[in-house]
There are 2 protein chains.
Amino acid sequence: MSDLRLDDLDHDLLALLQRDASRTLRDLGDEVGLSPSAVLRRVQRYRCAGLLSHNVAVLDPRHVPEVILAVCLVTIEDDTPEEGRRYRERLLEVPEVQQAYEVSGDYDYVVVLACVGMRRENEVAKRLFQQDPNVKRYTTLFVLDPVRTGSALPTRGPDGVGGVTGATD
Amino acid sequence: MSDLRLDDLDHDLLALLQRDASRTLRDLGDEVGLSPSAVLRRVQRYRCAGLLSHNVAVLDPRHVPEVILAVCLVTIEDDTPEEGRRYRERLLEVPEVQQAYEVSGDYDYVVVLACVGMRRENEVAKRLFQQDPNVKRYTTLFVLDPVRTGSALPTRGPDGVGGVTGATD
DNA sequence: TCTGAAAGTTTTCATCC
DNA sequence: GGATGAAAACTTTCAGA
């Protein structure tokens, strides 16, 4: 794992790829002022470093009928690290768990569920929260409007903050 | 906007594409038992219907140093629909707002922030929550462990629930 | 609607600047 | 580091079953 210095072009490319990964190397190069092969060399560096992990297709939720999004705020019983590990494994077993975060503060976990139909939503909530012995209490916030979705990460901070590390193979 | 009937192969393909959109048509076809051109025809149907919107690159947060994820739970002052619209616009102006949901229940908005450095995190929280006249109160849950991230949607429910609609162009 | 082959791009790599 | 040009691979189209 070594440092991977990123210049402005790198930050731009990473932002573009996080918005749309289907653009050609030529297209990307035209936008940032580089040849296709120069873009490729940089992209390969990101991949080798483990910074760029993979590409995913994004579905438009408006075209998946009956899809329900819900944010669940979970408080767990005081438990051992081992029990926590097992609870996270149980979360990962359910494909409708779109996101799950262990957090600090007023709750212990934030879980985003994406289900087809309210019936499935209830099944999942029952399994993961009501019937789970590790869960003390939980509350569900149903999503009325997904104002913004995605998993884009910024790569640079306000000033010089934000070098990037990656494995050098 | 018309119905787009999906069979089991379609559900499988959509799940595969949401996991990894870089696989070739041949590769996908081999996995589900279809020729590359048959896969292409189906994928084009999803795109024309608006179901498949675009592809994005996923960064590994472990290789973006100083990246901080936080889930903010926001309660707003009673406001008009117009004020709500303007608040959502202010959220969308900030690139560090990775996700934002208007929700029902104990809070009004759930906002996921992804920032490089705690300093930037504080700047953004100040701007969007502390200084905003529409916000009554908010609480921040810092992410200790991103157990699962992503934006994958299921396309089928427990039983026959979950036909898919899309625009036919 | 699928298969299989042909045409057109894109990605990739070696080479040079 | 970046540009150029050739080779390989993939996507896309189309005729035929």
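The model shown is predicted, which means the values in this text are computed figures rather than measured ones.

Asks: It is not clear to me how the overall build of chain A should be interpreted in this structure. Could you clarify?
Replies: In terms of regular secondary structure, chain A is built from five helices and seven strands. What you see in chain A, going N to C, is helices and strands ordered as β-α-α-α-β-β-α-β-β-α-β-β. Here the C-alpha radius of gyration of chain A, 20 Å, is well above what a compact globule of 169 residues would show, namely 15 Å. Within chain A, the proportion of its 169 residues that are buried is 50%.

Asks: Could you clarify how one ought to interpret the domain arrangement of chain A in this entry?
Replies: Often, the extent of an interface is quoted as the loss of accessible area upon association of its parts. Along its sequence, chain A is organised into domain 1 (7-58) and domain 2 (61-142). A straight line from the C-alpha centre of domain 1 of chain A to that of domain 2 of chain A covers 34 Å.

Asks: Looking at this structure, I do not really get the packing of aromatic side chains. What am I missing?
Replies: Each aromatic ring pair is summarised here by two numbers: the centre-to-centre distance and the angle between the ring planes. All names here are of chain B. This model, assessed by the stated rule, comprises four aromatic pairs over all chains. Taking 5.4 Å as the distance between ring centres and 65° as the angle between the ring planes, the aromatic pair formed by Tyr87 and Tyr109 counts as edge-to-face. Residue Tyr87 is located in helix α4 (residues 81-93), and its partner Tyr109 is located in strand β5 (residues 109-116); the two are separated by 22 residues in the primary sequence. The class of Tyr87 is buried, set by a relative accessible area of 1%. Given a relative accessible area of 2%, Tyr109 falls into the buried group.

Asks: Just to check I follow, could you spell out the pairing of β5 of chain B for this structure?
Replies: In summary, the side chains of a regular strand alternate between the two faces of the sheet. Residues and elements named next belong to chain B. Here β5 lies mainly inside the structure; eight of its eight residues are buried. Of the two faces of β5, the one holding Tyr109, Val111, Leu113 and Cys115 and the one holding Val110, Val112, Ala114 and Val116 are both buried throughout. Two strands pair when backbone bridges link them, and strand β3 (residues 67-76) and β5 are joined in this way by eight bridges, in the antiparallel orientation. Paired with Leu69 across the strands is Ala114, a residue of β5. Bridge analysis of strand β4 (residues 97-104) against β5 gives five bridges, and the strand direction is antiparallel. Residue Ala100 lies in a different strand from β5, and its bridge partner there is Val111. The loop that links β4 with its antiparallel partner β5 comprises four residues; one of these, Gly105, has a positive phi angle of about 120°.

Asks: Looking at this structure, I do not really get the interface of chain B and chain A. What am I missing?
Replies: Counting residues at the interface gives 83 residues for chain B and 83 residues for chain A. Area buried by chain B at its contact with chain A is led by Leu59, His63 and Arg148 of chain B, which between them contribute 11% of it. At the junction of chain B and chain A, the tally comes to two salt bridges. Residue Arg88 of chain A pairs with Asp145 of chain B through a salt bridge whose shortest N-O separation is 3.7 Å. Linking chain B with chain A are 39 residue pairs in polar contact (both at pLDDT 80 or more). Ranked by the residues each element gives to the side of chain B that touches chain A, the list is headed by strand β6 (residues 135-148) of chain B, at ten residues. Considering only residue class, the side of chain B that touches chain A consists of 44 nonpolar, 23 polar and 16 charged. Bridging between strand β2 (residues 52-59) of chain A and strand β2 (residues 52-59) of chain B involves seven bridges; their strand directions are antiparallel. Note that in β2 of chain B the partner of Leu59 of chain A across the bridge is Leu52 of chain B.

The rules we used
Residues numbered from 1 in each chain as written. Chains lettered and ligands numbered in written order. Predicted model: local features only at pLDDT ≥ 70, side-chain atom pairs only at ≥ 80, totals over all residues. Heavy atoms only, no water. Helix = DSSP H or I, 4+ residues; strand = E, 2+ residues; numbered from the N terminus. Rg over C-alpha atoms; globule rule 2.2 N^0.38 Å. Buried < 20%, exposed > 50% of the residue type's maximum accessible area, 1.4 Å probe, protein only. Domains from an automatic or database assignment. Phe/Tyr/Trp six-rings, centres within 6.5 Å; stacked < 30°, edge-to-face > 60°. Pairing = 2+ DSSP bridges. Contact = heavy atoms within 4.5 Å. Buried area = accessible area lost by both parts, 1.4 Å probe. Salt bridge = Lys/Arg side-chain N within 4 Å of Asp/Glu carboxyl O. Polar contact = N/O pair within 3.5 Å; in protein donor to acceptor, adjacent residues only side chain to side chain. Nonpolar A, V, L, I, M, F, W, Y, C, P; charged D, E, K, R; others polar.

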